[in-house]
Amino acid sequence: MNFIFKLSDKILLTIFLFATGLIFSVVFFVGGSVQQILILGELIYIFVFLTTFVISRSLSKRLRELTFEVEEMAAGNLSKRLRITSKDEIGQLANALNELLVRLQTGIAQDVFKHREIAQAKTDFVAIASHQLRTPLSIVKWYVDYLVSGDAGEVNAEQLKYLKEVYRSNERLIDLVNALLDVSRIDLGTFSIEPEPTDIIERITSALKKFLPDIKRKHINLEKEYDIVPVINLDPRLTKIVFENIISNAVKYTPEGGTIRLSAKKTQHQVLIKIADNGCGIPREQQPKIFTKLFRADNVKKIESVGTGLGLYIAKAVIEKSGGKIWFQSPSLDLLLDKNKKDDGLTIDQESKGTTFFITIPLEGMKKKPGTKKLTSLEN
Amino acid sequence: MDKNKRILIVEDETAMLSALSDKFSGIGYTVFPAGDGEEGLKIAMKEKPDLVLLDVIMPKMDGITLLKKIREDVKWGDSVPIIMLTNLSDPENVSEAAKYKVYDFLVKTDWRLDDVVKLAEEKMRALDKKN
């Protein structure tokens, strides 16, 4: 037997009965005694009450069951379907939810497909960018080189100045392309880690080499405090990239006559490297963002327009992939205390807050990670 | 450095090919420029140069294939110094080249022309010493 009463029908029926009762009572009021009318009224009242009670009870029970089932789906079980126990509005709701689920599932399947497509497009970008962008960049580089060397005829001082500007800009583009490639390799997880016994101090020295001319030009006071640290299994190229990215910032954002202090020491389970400067520091409100891709703090944009906002992102990705940690402190306590000492405890110059970057590398070193691509940024 | 040395440069990008050719011939070397792998192979077998500069991605025949073919030549190709030039630092290609005794895999944007010349001269000098 299959009695189908839509909910609305049930309510209508109740109202109908109630109304009929009302009409009867009116009739009785005209023809019957007051007592009869009261009894009838009470009967109608009880009837309506019972009907409403039964309907609302079954309704709320069904709704509770539905809620329970939907919650289970929301928790991730999308292949589950709601039981359809009636053909009333609740049944229709369950049915509609089931259809929604089917759509959701197809949607997710399409998303996964789309995601794969995007990943593929990114990989293609890496290949295209490497080849298509680097080819003209190297052509410019080599021809400017060729002109500067005087092989193609004598170049006067003014021409040489302009050519050097062209060369510098081109180098900036090369750095940017390399950094972008690194980021896409990091994001895709395709970069490789190839550890070998590596001397960390040598890596710092090697990374520093690129910046020595700038350090000299800006009369930056370079301090080194290296303990004897053990040789660790690290990817030497990646390690150098990390140091280069941090040192590059220190050199760029430390004013003339400022100080950069590099230190390395062995603790129980790791090597701790500190790169401290008394440069412009990182504004407090922007500190949470500084490892974010493409982010550059407002104060450094004013000092130096050159910068991709990718260096710290790359450094963090590399260090964390190899089991280490990277963090910073700004204002830097390292050089601030010195400064206070020097200034005889005078007020701290707000413009030279300084920053210290801390990097830890576990003594067990980096784990080998096979990949199809190497990171290239700031490579020499 | 003996300027009578002969150098084969295989590179499909014309501008790059002439930058390299002009640089080396400007110093006094004899340069054989080739615009693709097949042409490079032909010249290589005929001229048997003292050094080969080899691009990786090229039409007709890519650099790795050409490298293998050169190495098959026992008398000359087996020992001639080869420098690979690339814009794709793909470890697969690097390790493939290493199988054929090529350890200089230069990413073009990272190298100055003068440093390419220095490396090339170093390679040729090393081979002279060996012989």
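Cut-offs and rules
Residues numbered from 1 in each chain as written. Chains lettered and ligands numbered in written order. Predicted model: local features only at pLDDT ≥ 70, side-chain atom pairs only at ≥ 80, totals over all residues. Pairing = 2+ DSSP bridges. Helix = DSSP H or I, 4+ residues; strand = E, 2+ residues; numbered from the N terminus. Core = buried A, V, L, I, M, F, W, Y, C linked by C-beta atoms within 7 Å. Buried ≥ 20, exposed ≤ 12 C-beta atoms within 10 Å, placed from the backbone. Domains from an automatic or database assignment. Contact = placed C-beta atoms within 7 Å. Axes fitted to C-alpha atoms, helices over the stretch in contact; angles between N-to-C directions. Nonpolar A, V, L, I, M, F, W, Y, C, P; charged D, E, K, R; others polar. pLDDT = per-residue confidence, 0-100. Arc of directions from axis to C-beta. Parallel < 35°, antiparallel > 145°, perpendicular 65-115°, else oblique. Left-handed = near helix turned anticlockwise from the far one by under 90°.

Colleague: How would you sum up the pairing of strand E5 (residues 270–277) of chain A? Please name residues and give values.
Modeller: Residue and element names in this part refer to chain A. Where strand E4 (residues 259–266) meets E5, seven bridges bridge the pair, whose relative direction is antiparallel. Bridge pairing in E5 places lysine 265 opposite leucine 272. Joining the antiparallel neighbours E4 and E5 is a turn of three residues. Two strands pair when backbone bridges link them, and E5 and strand E7 (residues 355–362) are joined in this way by eight bridges, in the antiparallel orientation. If you follow lysine 274 over to E7, its bridge partner there is phenylalanine 358.

Colleague: Outline the nonpolar core, supporting the account with residue identities and numerical values.
Modeller: Considering soluble globular proteins, one finds that nonpolar side chains tend to be buried as a cluster. Residue and element names in this part refer to chain A. Counting 47 residues, the largest nonpolar core has Val242, Ile246, Ile275, Ile314, Ala315 and Val318 as the members making the most contacts within it. Top element by residues in this core is helix H7 (residues 236–253). It accounts for nine residues. Counting contributing residues, this core receives three or more from each of domain 2 (110–188) and domain 3 (196–362). Apart from the residues lying within four places of it in its own chain, the contact partners of isoleucine 246 are Ile275, Ala315 and Phe357.

Colleague: Any chance you could break down the sheet that holds E7(A) for me, citing the residues and the numbers?
Modeller: All names here are of chain A. Read across the open sheet, the five strands follow the order E2-E4-E5-E7-E6; overall the sheet is mixed. Either end of the sheet is taken by a strand with one partner, and the two such strands are strand E2 (221–226) and strand E6 (325–329). For this sheet, the mean angle separating the axes of adjacent strands, direction not counted, is 10°. In the packing of helix H5 (residues 200–209) onto the sheet, the strands contacted are E2, E4 and E5, and the crossing angle to E4 comes to about 160°. Across the sheet, H7 lies against E4, E5 and E7, angled at about 20° from E5, the strand it touches most.

Colleague: Give me the lowdown on the interface of chain B and chain A, citing residues and values where you can.
Modeller: In this complex, chain B contributes 20 residues to the contact, which on the side of chain A involves 22 residues. Of all the elements in the fold, those that place two or more residues in the side of chain B that touches chain A are helix H1 (14–27), helix H4 (91–99) and helix H5 (113–130) of chain B. Looking at the side of chain B that touches chain A residue by residue, the classes come out as eight nonpolar, four polar and eight charged.

Colleague: Before we move on, could you go through the sheet that holds strand E4 (residues 82–86) of chain B and cite the residues and values that matter?
Modeller: Residue and element names in this part refer to chain B. Taking strand neighbours across the sheet as the criterion, the five strands line up as E2-E1-E3-E4-E5 in an open arrangement whose pairing is parallel. Looking at which strands have only one partner, the edges of the open sheet turn out to be strand E2 (30–34) and strand E5 (105–107). Neighbouring strand axes in the sheet, compared pairwise and without regard to direction, differ in orientation by 20° on average. Pairing of strand E1 (residues 6–10) with strand E3 (residues 51–55), which is carried by four bridges, proceeds in the parallel orientation.

Colleague: Can you lay out the environment of A:Ile220 for me, pointing to particular residues and giving the numbers?
Modeller: All names here are of chain A. For isoleucine 220, the position within the fold is in the loop between helix H6 (212–217) and E2. Residue classification places isoleucine 220 among the buried residues on the basis of 21 C-beta atoms within 10 Å. Apart from the residues within four sequence positions on either side, isoleucine 220 is in contact with Ile215, Val251, Thr254, Gly258, Thr259 and Ile260.

Colleague: Residues and numbers for the confidence of the model for chain A, please.
Modeller: Taken as a whole, chain A shows an average pLDDT of 81; of its residues, 88% reach a score of 70 or greater. Scored below 50 in pLDDT, residues 340–351 of chain A makes five contacts in the model with residues more than four places away or belonging to other chains.

Colleague: Got a sec to walk through helix H3 (residues 63–72) of chain B? Specific residues and values, please.
Modeller: What H3(B) keeps buried is the set B:Gly63, B:Ile64, B:Leu66, B:Leu67 and B:Ile70. Axial view of H3(B): buried residues confined to an arc of 160°, hence all on one face.

Colleague: Could you give an account of the packing of helix H3 (residues 89–148) of chain A against H1(B), with specific residues and numbers?
Modeller: The geometry of H3(A) relative to H1(B) is characterised by a closest axis approach of 9 Å and an angle of 25° between their N-to-C directions. Taken together, the axes of H3(A) and H1(B) lie roughly parallel to each other. In terms of crossing hand, the pair formed by H3(A) and H1(B) is left-handed. Residues A:Ser138, A:Ile139, A:Trp142, A:Tyr143 and A:Tyr146 of H3(A) pack against B:Ala15, B:Met16, B:Ala19, B:Asp22 and B:Lys23 of H1(B). For the contact of H3(A) with H1(B), the per-class residue count stands at seven nonpolar, one polar and two charged.

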